[in-house]
Amino acid sequence: MPKALVTGITGQDGSYLAELLLARGYEVHGMIRKASTFNTERINHIYQDPHDPAAKLFLHYGDLTNAEQLTHLIYNVRPDEIYHLGALSHVKVSFEIPEYAGDVTGLGTIRILEAVRRSGVRARFYQASSSEMFGSAPPPQSETSAFQPRSPYAIAKVYSYWMTVNYRQAYGLFATNGILFNHESPRRGETFVTRKVTRAVARIRAGEQKKLFLGNLESKRDWGYAPEYVEAMWTMLQRETPDDYVLGTGESHSVRQLVEEAFGYAGLDWHDFVEIDQGYFRPTEVDFLQADASKARRVLGWSPKVTFKELVRIMVDADLQSLGQAPIGEGMRILQDKFGDWHQWHSGVTALLQNNGTHVE
Ligand code: NAP
Ligand code: GDD
């Protein structure tokens, strides 16, 4: 049974990836942070009591700022594959706590790479690199575009990107960068713009919110559907040789278009609800991200199925459902049409693994 270690397992991508790995027969180890509130909401449904002899998901406390504990974890688990997804991932927040962003999102990566190298564990390594690294480089951005980062977060990711390349070249590690453009889902954190908008639309429709305050409406992003991206992370680690890949849809839209689309789908005029708050603007903005993912298409055979409009519908419907409201319906139909199989294995995994409440041994 192959063994995987996932940092950031409680995040959007970590939760989808854990489901995928369990469905593919992996023993999955996830690192989680100790918090005074529950931070395992996204993985509670796949949690298993470790006393269960059939348990395949194991959680371990740890933090990316703690090198000794990371080394210990990697040495003890001896994973075949490491998916390093943990990070302070919010760009605006990284301007407010830049030193911490560097420590977690930058140095966290070298702590893991060093642990792999020193322990002699021949684990394959996936680094969650980001399209934010391209910053002001002109679109479309591909693996050969220059990095021109515009935030402490992006600069920390550039450091991690090059450390991953360096450990591949210097020590022969199977170390891979996935350079992912924005990817979203109903599990997206509520302070990222897509989820902030779709959640507000649902709450406004339900009469629970009156206004939505946003920042820059003119920046453009290449937004895709997260479950499709974690599939490609796995594929990258199954290749014969390590390499770096851009993942994105190739379609780009402004925040304004996102707002129009989400409110329009729910039959609302966004002008009645959206106000601008300068506090949400960033000191330096990334204006235009659009992926050229032709290498991933050619080499990995990866091409995403969910379009921007479909993504918005999926997310608005999910947010309506989470409030106990009837979904408008198209989002659910899109998921069924495009992921009949995925939904089957997704519910299969969920039914298989009993949710007894998450705790860590
Ligand atoms: P996310 O939902 O914000 O999840 C981040 C994860 O990192 C959470 O599990 C979080 O734990 C964990 N984490 C944060 N600080 C940590 C620390 N000091 N020690 C240990 N764990 C820590 O992010 P995501 O959207 O799933 O993204 C996954 C990765 O891909 C991130 O590295 C992100 O930067 C990168 N990325 C994301 C996108 C995107 O569009 N989603 C695009 C490109 C790259 P808590 O739950 O305890 O906070
Ligand atoms: N978060 C947020 N909140 N963003 C807003 C708001 C708001 O109220 N109003 C406008 N925006 C704009 C931001 O200025 C940015 O241009 C765009 O919406 C997207 O912001 P986010 O959703 O916060 O995502 P991001 O593009 O900055 O970063 C995400 O994608 C990166 C990949 O390109 C994160 O997931 C990063 O971790 C990831 O690397």
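Residues numbered from 1 in each chain as written. Chains lettered and ligands numbered in written order. Predicted model: local features only at pLDDT ≥ 70, side-chain atom pairs only at ≥ 80, totals over all residues. Heavy atoms only, no water.

Alternating residues of strand S11 (residues 244-247) divide into Asp244 and Val246 and Tyr245 and Leu247, and every residue in both groups is buried. Judged from the four bridges that link them, strand S6 (residues 175-180) and S11 form a sheet pairing that is parallel. Within the sheet, the bridge partner assigned to Leu180 lies in S11 and is Leu247. (Buried < 20%, exposed > 50% of the residue type's maximum accessible area, 1.4 Å probe, protein only. Helix = DSSP H or I, 4+ residues; strand = E, 2+ residues; numbered from the N terminus. Pairing = 2+ DSSP bridges.)

This paragraph deals with the site of ligand 2. Of all residues adjacent to ligand 2, which total 25 residues, the nearest are Ser130, Ser131, Tyr153, Ser219 and Arg282. Tyr153 is positioned such that a nitrogen or oxygen atom in its side chain is 2.5 Å from an oxygen atom of ligand 2. Taken by itself ligand 2 offers 710 Å² of open surface, and the protein chains cover 96% of this. If you list the elements that add at least two residues to the shell around ligand 2, you get helix H6 (193-205) and strand S8 (212-214). Here the shell around ligand 2 is built from residues that sort into 10 nonpolar, nine polar and six charged. (Near = heavy atom within 4 Å. Polar contact = N/O pair within 3.5 Å; in protein donor to acceptor, adjacent residues only side chain to side chain. Areas by Shrake-Rupley, 256 points an atom, 1.4 Å probe, with all protein chains shown as cover. Nonpolar A, V, L, I, M, F, W, Y, C, P; charged D, E, K, R; others polar.)

In this section: the pattern of salt bridges. Taken as a whole and assessed by the stated rule, the structure comprises 19 salt bridges. Arg118 is the partner of Glu114 in a salt bridge, and the nearest nitrogen-oxygen pair spans 2.7 Å. Of this pair, Glu114 and Arg118 both sit in helix H4 (residues 98-119), four residues apart, which is roughly one turn of that helix. Put simply, Arg195 and Asp319 hold a salt bridge, and the shortest N to O gap is 2.8 Å. Taken as a pair, Arg195 in helix H6 and Asp319 in helix H10 (residues 308-322) lie far apart in primary sequence, 124 residues in all. Given the relative accessible area of 10%, Arg195 is considered buried. For Asp319, a relative accessible area of 3% gives the class buried. Several salt bridges converge on common partners, so that one network encompasses Glu114, Arg117 and Arg118. (Salt bridge = Lys/Arg side-chain N within 4 Å of Asp/Glu carboxyl O.)

Moving on to H6. For H6, with 13 residues, the first-to-last C-alpha span of 18 Å sits near the 18 Å given by 1.5 Å per residue. Restricting attention to buried positions, one finds in H6 the residues Thr194, Arg195, Lys196, Val197, Thr198, Ala200, Val201, Ala202 and Ile204. Its buried side turned inward, H6 meets strand S7 (183-184), S8, helix H8 (255-265) and H10. Residue Gly207 follows H6 closely and has a positive phi angle near 75°. (Expected span 1.5 Å × (residues − 1). Contact = heavy atoms within 4.5 Å.)

Looking at ligand 1, there are 26 residues lining it, with Thr10, Asp13, Arg33, Ser89 and Tyr153 nearest. In this structure, an oxygen atom belonging to ligand 1 sits 2.9 Å away from a main-chain N or O atom of His183. Within the side chain of Arg188, one N or O atom sits 3.2 Å away from a nitrogen atom of ligand 1. Against a free-state accessible area of 900 Å², the protein chains account for coverage of 89% of ligand 1. Elements represented by at least two residues in the shell around ligand 1 include exactly helix H1 (12-23), H4, strand S5 (124-130) and helix H5 (152-171). For the shell around ligand 1, the leading source of residues is S5, giving three residues. When its residues are assigned to classes, the shell around ligand 1 shows 10 nonpolar, 11 polar and five charged.

Scope: geometric values only; no functional claims are made or implied.
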